[in-house]
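Listed here are the chains, written in short residue letters.
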Amino acid sequence: MKREELGSLAMFMAVAEDRSFTRAAARLGISQSALSHAMRRLEARLGLRLLTRTTRSVAPTEAGERLIETLGPALDDIEQKLAALTELRDKPAGTVRITAGAHAARKVLWPAIKRVTADNPDVNVEVNVEAGLVDIVADRYDAGVRLGERLEQDMIAVPISPKLRMAAFAAPSYFAERGTPSSPYDLAHHSCINLRFPGSGALYAWEFERDGKELKVKTEGQLVFNDVDLIAQAALAGSGIGFMLEDHVLDHLASGRLVRVLDEWCEPFEGYYLYYPSRRQPSPAFNLLLEALRYRG
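The rules behind each value
Residues numbered from 1 in each chain as written. Predicted model: local features only at pLDDT ≥ 70, side-chain atom pairs only at ≥ 80, totals over all residues. Heavy atoms only, no water. Salt bridge = Lys/Arg side-chain N within 4 Å of Asp/Glu carboxyl O. Helix = DSSP H or I, 4+ residues; strand = E, 2+ residues; numbered from the N terminus. Buried < 20%, exposed > 50% of the residue type's maximum accessible area, 1.4 Å probe, protein only.

Tallied over the entire structure, the rule returns 11 salt bridges. Here arginine 27 makes a salt bridge to glutamate 17, at a shortest N to O gap of 3.1 Å. You can see arginine 27 sitting in helix 2 (residues 21-28) and its partner glutamate 17 sitting in helix 1 (residues 5-18), a full 10 residues away along the chain. A relative accessible area of 44% means that arginine 27 is categorised as partly exposed. Put simply, arginine 260 and aspartate 263 hold a salt bridge, and the shortest N to O gap is 3.1 Å. On the basis of relative accessible area, arginine 260 is assigned to the partly exposed category, the value being 23%. Via salt bridges that share partners, Glu17, Asp18, Arg27 and Arg140 belong to a single interconnected network.

Phi at arginine 19 is positive, roughly 55°, even though this residue is not glycine. Of note, arginine 19 is situated in the loop between helix 1 and helix 2. Positive phi is not limited to glycine here, since leucine 262 has a value of about 55°. Positionally, leucine 262 belongs in the loop between strand 13 (259-261) and strand 14 (272-277). In this structure leucine 262 comes out as buried when scored by relative accessible area, which is 4%.

That is the geometry; function is a separate question.
Dropping the structure here:
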């Protein structure tokens, strides 16, 4: 194989991963026409159709899937060896790609990223905020962030936050009118502001725990949002009881604009972990960020 064809294979992988010429071209920094021409040239050389194109999507053919199975591990190995070369530099360099939820990205990742990138101008960090779970190997991320209770078995996991707590809350005006629930079962008689997961579309069942007893409650109310900030705003307006990580509403609770209830049913649970494949050799840039994130409390 000619060396210049390695570029075409990398382009093919980008199209196959993104399932879109538009997104792949943007990621590669080339025009769609140049990318399309490279794919036609690769298919002509192999004498095989690698991609099925429609007006709305792009998908690998059977031959394309087999090529992906071959190329994926090979390109990962090349990337790791290239990253290892940065150890020969005087200063760490390279790009670290991480996927995380919005709360973890803002509260945990960003403070560490800000420090690392300020002190290391050759280190680049890309954070992709996703509401659902992501396959970091298939999507070629260096690492992901998840709660400790949702970690996969074959991953190295490093704690990056203290334990977290949930909070149930509402405006004082709401409790003055509707009364205060004394147990999660009482929520059946209240107007609750529900969260719909952006990824799966499912409604979140409120999770409580007390003295080792776990309880999930499906609540009802007039309002459903897929954004926690809107839930907090609705609660401040007196529209019902909200339920989310306490970090989101600590200021409102401290000021008295919101009042917390069922506190004894909201026990701390495992916080965020940075996880990455055990078989992948981390780059110096990744190790630098990992040490900045590592929770030592």
